[in-house]
Amino acid sequence: MGQCDVPAGARHIRLDGMTLLPGLIDMHVHLDSDPAYGGYTSLQFNDRFLSVLGVVHARRTLDAGFTTVRNLGADTWNDVGLRQAIDGGKITGPRIVTAGYAIGTTGGHCDKTYFPPSMQQKGEYNFDSPDEARKRVREVRKYGAQVIKICATGGVFSLNTEPGAQQASLAEMRAIVEEGIALAKRHGAWLSMDIYDSEYFQAEGTKNGTLEENLRKDREIAQVQRDNFQRAHRAGVKMVYGTDAGVYPHGQNARQFGWMVKYGMTPLEAVKGDPLADVAVLEDVAVVIKGGEVVKDLAAAAPRPLR
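Owing to the predicted nature of the structure, the values given are computational and were not obtained by experimental measurement.

## Quick look at the pairing of strand β8 (residues 287-290)
Thought 1: Relative to strand β9 (residues 293-297), β8 runs antiparallel, the two being bridged by four bridges. Opposite K290, over in β9, you have E293 as the bridge partner.

Shown next as structure tokens:
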């Protein structure tokens, strides 16, 4: 089909003064998470509450211009169900690459560390040996994981763990490449570094019920993470866009673009193919087209017949 060949019945939309971009991709989201329910506050709801909110979050994400996401950890296979419903045309949302459950060690960042022993809570896919790790990978793959999410160190949003503390052994992580900046550059690894999140945590976390231990860990590592992002960029490490949306509100994925520019990227590097000087315009997307279908149109431009 030539450039001037337009299919019969095609819709013609006037987007005067706008910049046309390919659909954006967020490589790190949690669609069944809502930051409004931090700490223990989510326990006031039924187990299926966040499953339903995932449908809302998927639509918000698509309306923000993100037509593809990688969901790195969900409860009760919520991301797999969302992907199947979206692909089947039952609900509207982005294309989803699913990890299912994130896997990790007993007592680690992906385990359920908020509860006393009387409640007998634990991560569904914990591992504590190389053989168990291989089995867990096979299990989550069996039930719909398209990518594997491993929690190898402590994290901000778990109790009794500290960011950077190793939890999985080297043998258990042998399929995972070390993520040092020099090694990443040497081996061509791509990094995903979410450097906006702390702004939301510190402003809204206490109101949302986020525990002080979690806020304290975030305060301690936020600037370190941003400095590491800057050093990695200066070293020429390749990066993908990942926000960890779900620990801050879905639909605000594009707010990180401005922080990537603040810490050394040009708008062109932060948004492939976008030469605009003000990357913040991506925080308010007027029109979204996914797979040739207009899923959001706030341009107030009525369709015109083809000429």
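Additional details are given in the paragraphs that follow.
## Some thoughts on the pattern of salt bridges
Should their charged atoms come close, side chains of opposite charge can pair.
Thought 1: Applying the stated criterion across every chain yields a total of nine salt bridges.
Thought 2: Note that E204 is salt-bridged to K207, the shortest N-O span being 2.6 Å. Here E204 and its partner K207 are both found in helix α5 (residues 197-208), three residues apart, which amounts to about one turn of the helix.
Thought 3: Overall, the relative accessible area of 66% leaves K207 in the exposed class.

## What about the nonpolar core?
Thought 1: Grouped together as the largest cluster of nonpolar side chains are 27 residues, with contacts concentrated most on F66, L191, M193, I195, F229, M239 and F257.
Thought 2: Of all the secondary-structure elements, those providing two or more residues to this core are α5, α6 (212-234) and α7 (255-262).
Thought 3: Counting residues in each nonpolar core, the second largest holds 12 residues, with Y101, V140, A145 and A152 among its members.

## Here's the deal with the layout of surface pockets
Thought 1: Taken as a whole, the second largest pocket encloses approximately 750 Å³ of empty space.
Thought 2: Taken together, 27 residues make up the lining of the second largest pocket; nearest its centre are T19, L20, L21, V285 and V287.
Thought 3: A per-class count over the lining of the second largest pocket returns 16 nonpolar, six polar and five charged.

## Considerations on the sheet that holds strand β1 (residues 24-29)
Thought 1: Taking strand neighbours across the sheet as the criterion, the three strands line up as β1-β2-β3 in an open arrangement whose pairing is parallel. Looking along the sheet, the strands with just one partner apiece sit at the ends: β1 and β3 (95-98). Here the strands of the sheet are splayed against their neighbours by 15° on average, with no regard to which way each runs.
Thought 2: Here strand β2 (residues 66-71) runs beside β3; their pairing, made up of four bridges, is parallel. Considered in β3, the bridge of N71 is made with T98.
Thought 3: Seen against the sheet, helix α2 (residues 78-87) touches β2 and β3 and runs at an angle of roughly 145° to β3.

About the criteria used
- Residues numbered from 1 in each chain as written.
- Predicted model: local features only at pLDDT ≥ 70, side-chain atom pairs only at ≥ 80, totals over all residues.
- Heavy atoms only, no water.
- Pairing = 2+ DSSP bridges.
- Helix = DSSP H or I, 4+ residues; strand = E, 2+ residues; numbered from the N terminus.
- Salt bridge = Lys/Arg side-chain N within 4 Å of Asp/Glu carboxyl O.
- Buried < 20%, exposed > 50% of the residue type's maximum accessible area, 1.4 Å probe, protein only.
- Core = buried A, V, L, I, M, F, W, Y, C linked by side-chain atoms within 4.5 Å.
- 1 Å grid on protein atoms, 1.4 Å probe; cavity = no way out; pocket = protein on both sides within 12 Å on 5 of 7 lines; lining within 4 Å.
- Points joined across faces, edges and corners; volume = space filled by probe spheres on them.
- Nonpolar A, V, L, I, M, F, W, Y, C, P; charged D, E, K, R; others polar.
- Axes fitted to C-alpha atoms, helices over the stretch in contact; angles between N-to-C directions.
- Contact = heavy atoms within 4.5 Å.

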